[in-house]
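Coordinate analysis (summary)
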Amino acid sequence: MVSFPRIIDMGDFRLVKLEPTAQNAERLLSVINANREFLGEFLEWVDGYTTTDKTLANIEKSYCDDKCSYFIMEADDIVGKIGFVDTDDNMGEISYWLAHGFNGRGIMTRVLNKLTEIGFADMRLQRIQLTLDKQNIRSAAVALRCGYECEGVLRKYFVLRGVPRDMKMFSKVAV
Ligand SMILES: CC(C)(COP(=O)(O)OP(=O)(O)OC[C@H]1O[C@@H](n2cnc3c(N)ncnc32)[C@H](O)[C@@H]1OP(=O)(O)O)[C@@H](O)C(=O)NCCC(=O)NCCS
């Protein structure tokens, strides 16, 4: 079993396993509240994150040593999250989000590259995948910048607030 570090220093920001405290649960909830509309366009889970019970549970899940899941912190601010959400011995799926005010600076490109490197080198995965809404242009641009390839469109693959959505499957494989 791979044990992941608590902090990964990226120079001007850090990837952190936040301590599951009431204060951090409050901080995460306020970031989600401030970005609810922006994140909610493609991520339905934000609808359920309205209490500190939910944000605390989310922080707890990422805190385990055997989970490759990190909050993105700039100075003392929580600015986003990235992690493997589904993994087996062969492949892993990564999911991510970045607060609106921190978009456009290349943070997610650097972070996805970092997790991809960990996925192949430390987790010894053969395949890493990203499932993106077909309309999520910014996310597709991040995937392409990190060397992921679009394998095709999964028609009506995911239901977002009752509406079936076409998704794009991106992947990168070990060389
Ligand atoms: C998807 C998401 C993470 C993309 O964020 P982003 O800020 O566009 O991505 P990056 O951090 O890689 O930044 C890329 C931008 O920074 C610029 N940039 C600046 N320096 C850069 C660098 N060193 N490397 C790469 N890009 C850089 C790029 O040119 C690009 O600019 P653009 O906005 O004019 O196209 C973000 O929009 C988001 O969280 N959206 C809502 C949630 C979501 O959809 N999550 C994904 C679900 S699958």
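A brief structural summary. Treat the numbers as computed from the prediction; the structure is a model and nothing was measured.

**So, the sheet that holds strand E6 (residues 127-133)**
One open sheet accounts for 8 strands, arranged E1-E2-E3-E4-E5-E6-E8-E7; its pairing is mixed. What marks the edges here is a single partner per strand, and that holds for strand E1 (7-9) and strand E7 (149-160). With direction set aside, neighbouring strand axes in the sheet form an average angle of 25°. Pairing of E1 with strand E2 (residues 14-16), which is carried by 3 bridges, proceeds in the antiparallel orientation. In the strand pairing of E2, Ile7 is matched with Val16. Taken strand by strand, helix H3 (residues 52-63) contacts strand E3 (69-74) and strand E4 (77-87), and its axis lies near 110° from that of E3.

**Observations concerning the environment of Thr52**
Mapped onto the secondary structure, Thr52 falls in helix H3. For the pair Thr52 and Lys67, spaced 15 residues apart in sequence, the C-alpha to C-alpha distance is 21 Å. If sequence neighbours within four positions are ignored, Thr52 has contacts with Ala25, Glu26 and Leu29.

**Here's the deal with H3**
The first and last C-alpha atoms of H3 sit 16 Å apart over 12 residues, in line with the 16 Å expected at 1.5 Å per residue. Every buried residue of H3 is listed here: Thr55, Asn58, Ile59 and Ser62. Angularly, the buried residues of H3 cover 95° about the axis, an arc narrow enough to put them on a single face. In H3, the exposed residues that point more than 90 degrees away from the buried face are Asp53 and Lys61. Considering only its buried residues, H3 is in contact with helix H1 (22-34), E3 and E4.

**Describing the nonpolar core**
Soluble, globular proteins show a tendency: their nonpolar side chains are buried together. If you look at the biggest cluster of nonpolar residues, it comprises 47 residues, and the most contacted ones within it are Leu15, Ile72, Ile94, Tyr96, Leu112, Leu130 and Tyr148. Those residues in contact with Leu15 that sit more than four places away from it in its chain are Arg6, Ile7, Ile8, Met10, Tyr70, Phe71, Ile72, Val111, Lys114 and Leu115.

**What to know about the environment of Glu44**
Mapped onto the elements of the fold, Glu44 is located in the loop between helix H2 (36-40) and H3. Through-space distance from the C-alpha of Glu44 to that of Arg138 is 17 Å; in sequence the pair is 94 residues apart.

**Thoughts on the packing of aromatic side chains**
For the structure shown, the criterion picks out 2 aromatic pairs. When the ring of Trp45 is compared with that of Tyr49, the centres are 5.2 Å apart and the planes differ by 80°; the resulting orientation is edge-to-face. Given the relative accessible area of 32%, Trp45 is considered partly exposed. Taking relative accessible area as the criterion, Tyr49 reaches 13% and is therefore assigned buried. Pairing Trp45 with Trp97 gives two aromatic rings, centres 6.3 Å apart and planes at 50°, and the pair type is tilted. Separated by 52 residues along the polypeptide, Trp45 in the loop between H2 and H3 and Trp97 in strand E5 (residues 91-98) bring together distant segments of the chain. By relative accessible area, Trp97 is classed as buried at 8%. Three or more aromatic residues joined by ring pairs make a cluster, and in this case those are Trp45, Tyr49 and Trp97. Over the ring of Tyr70 we find Lys17; its NZ or CZ atom is 5.0 Å from the centre of that ring. The side chain of Lys54 reaches across the aromatic face of Tyr49, ending 5.4 Å from its centre.

**What to know about the site of the ligand**
If you check the shell around the ligand, you find 19 residues, and the closest are Asn103, Gly104, Met108, Thr109 and Asn136. A distance of 2.8 Å is found between an oxygen atom of the ligand and a backbone nitrogen or oxygen belonging to Leu98. Within the side chain of Asn103, an N or O atom sits 2.6 Å from an oxygen atom of the ligand. Burial of the ligand by the surrounding chains reaches 72%, relative to a free accessible area of 940 Å². Elements with a contribution of two residues or more to the shell around the ligand: H2, E5, helix H4 (107-121) and helix H5 (137-145). Of all the elements, H5 adds the most residues to the shell around the ligand, at 4 residues. Partitioned by chemical class, the residues of the shell around the ligand number 10 nonpolar, 6 polar and 3 charged.

Conventions we followed
Counting restarts for each chain, with residues numbered from 1 along the sequence as it is written. Per-residue local features of the predicted model are confined to residues with pLDDT of at least 70, and side-chain atom pairs are confined, for both listing and counting, to 80 or more; whole-chain, interface and lining totals are unaffected and use all residues. Computation of side-chain values: all heavy atoms of the structure, hydrogens and water removed. For two strands to pair, DSSP has to find at least two bridges joining them. Helical segments are the DSSP runs of H or I of at least four residues, strand segments are the runs of E of at least two, and each set is numbered from the N terminus. Every angle, taken between N-to-C directions, lies between 0 and 180 degrees, and every axis is a line fitted to C-alpha atoms, over only the stretch in contact when it is a helix. Here a residue-residue contact requires only that any non-hydrogen atoms of the pair lie within 4.5 Å. Expected helix span is taken as 1.5 Å per residue step, with the number of steps being one fewer than the number of residues. Relative accessibility thresholds used throughout: buried, under 20% of the residue-type maximum; exposed, over 50%; partly exposed, between the two (1.4 Å probe, protein chains only). Note: the arc covers the axis-to-C-beta directions of the helix. Think of a nonpolar core as a cluster: buried Ala, Val, Leu, Ile, Met, Phe, Trp, Tyr and Cys residues, connected wherever their side-chain atoms sit within 4.5 Å. Aromatic pairs are defined between Phe, Tyr and Trp rings, using the six-membered ring for Trp, whenever the two ring centres lie within 6.5 Å; interplanar angles under 30 degrees are classed as stacked, those over 60 as edge-to-face, and all others as tilted. In this analysis the charged atom, NZ for Lys or CZ for Arg, is taken to sit over a ring once it is within 6 Å of the ring centre and within 35 degrees of the ring normal. Distances are taken per atom, and a residue is near a molecule or strand as soon as one of its heavy atoms is within 4 Å of it. Contacts described as polar in this section are N or O atom pairs within 3.5 Å, which, within protein, must combine one atom able to donate a hydrogen with one able to accept it, while residues neighboring in sequence count only if both atoms come from side chains. All accessibility values rest on the Shrake-Rupley procedure with a 1.4 Å probe; residue burial counts only the protein chains present in the view. Each residue receives one of three labels: charged for Asp, Glu, Lys and Arg, nonpolar for Ala, Val, Leu, Ile, Met, Phe, Trp, Tyr, Cys and Pro, and polar for the others, Gly being one of them.

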